[in-house]
Amino acid sequence: MSEVILRYGGLDDVEAVLRFWLESAENTDRHDDAAKVTALVERDPEALLIAEIGGRVAGTLIAGWDGWRASLYRLAVDPAERRRGIGSQLIRAAEERFRKHGAFRVDAMVLNDNALAHHAWAAAGYTMQTDCARWIRRLT
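Computed from a predicted model, the values in this text were never measured in an experiment.

Moving on, we get to the overall build of the protein. The helix and strand tally for the protein stands at four helices and five strands. Shown N-terminal to C-terminal, the secondary structure of the protein runs as helices and strands in the order β-α-α-β-β-β-α-β-α. By the compact-globule yardstick of 14 Å for 140 residues, the protein fits well, its C-alpha radius of gyration being 15 Å. With the principal axes as the frame, the protein shows a C-alpha extent of 40 × 35 × 30 Å. For the protein, with 140 residues in total, the buried portion stands at 35%. Counting contacts in the protein only where the partners sit at least 6 residues apart, residues at least 24 apart contribute 62% of the total. Accessible surface computed for the protein: about 9400 Å², of which carbon and sulfur atoms make up 52%. Across the protein, the mean location of the 19 positive side-chain charges is 4 Å away from that of the 21 negative side-chain charges.

Structure below.
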């Protein structure tokens with residue numbers, strides 16, 4: 001079994017991450033493109049966490065910190081590498097990042113229909129918030 005390396009994603013990773021999300025992420029209708037991922041990395045060089053095995057992307061997590069909230073998005077693990085703790089390693093790395101910034105709580109965006117993800121988040125100690133709902137408005 002190859003070693004998992006955790007690192008921050010950089011500009012050189014943008015295309016590989018986009019391909020990875022198409023292959024490994026659930027519900028990829030988020031209109032991802034290189035410009036958006038590039039903007040994320042340029043704005044916050046520690047926001048995109050990558051788990052790598054043998055030089056290839058095996059997992060990702062966006063750990064967004066805006067100075068007020070700590071938010072997790074786009075947890076994805078290669079289906080062939082699941083159940084090896086890669087998602088848990090990414091979550092712990094993000095939480096450590098947030099602790100350094102003084103965050104006291106973290107939230108994770110998880111699709112209601114993604115039962116597989118529900119198990120992963122519950123195993124990491126997260127619970128579904130039931131006292132509020134997310135409200136959105138499309139800008140296009």
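A few words now on the sheet that holds strand E4 (residues 70–77). With mixed pairing, the five strands of this open sheet are ordered in space as E1-E2-E3-E4-E5. Edge strands, defined here as strands with exactly one partner in the open sheet, are strand E1 (4–8) and strand E5 (106–108). Between one strand axis and the next, the sheet turns by 25 degrees as a mean value, whatever way the strands run. Here strand E3 (residues 56–65) runs beside E4; their pairing, made up of six bridges, is antiparallel. Looking at E4, one finds that Gly-64 is bridged to Ser-71.

Conventions adopted
Throughout, a residue's number is its position along its own chain's written sequence, starting from 1. Given that the model is predicted, a residue must reach a pLDDT of at least 70 before its local features are reported, and side-chain atom pairs must reach 80 or more before they are shown or counted; all residues, however, enter totals for whole chains, interfaces and linings. Calculated side-chain values reflect all of the structure's heavy atoms, with hydrogen atoms and water omitted. Comment: elements are numbered from the N terminus, with helices defined as DSSP H or I runs of at least four residues and strands as E runs of at least two. Computation of the radius of gyration draws on C-alpha atoms alone. For the globule rule, the value is 2.2 Å times the number of residues to the power 0.38. The buried label goes to any residue with under 20% of its type's maximum accessible area, the exposed label to any with over 50%, and the partly exposed label to all in between, with areas taken from a 1.4 Å probe on protein chains only. It only takes one pair of heavy atoms within 4.5 Å for two residues to be counted as in contact. Note on areas: these come from Shrake-Rupley sampling with a 1.4 Å probe, and a residue is covered only by the protein chains present in the view. Charged-residue counts in this description rest on Lys and Arg as positive and Asp and Glu as negative, His and the chain ends being excluded. One atom stands in for each charge, and that atom is NZ of Lys, CZ of Arg, CG of Asp or CD of Glu. One bridge is not enough; two strands pair if DSSP finds at least two bridges between them. Angular values range over 0 to 180 degrees, each being the angle between N-to-C directions of two axes fitted as lines to C-alpha atoms, with helices fitted over their stretch in contact.

By themselves, these observations are geometric and do not establish any function.
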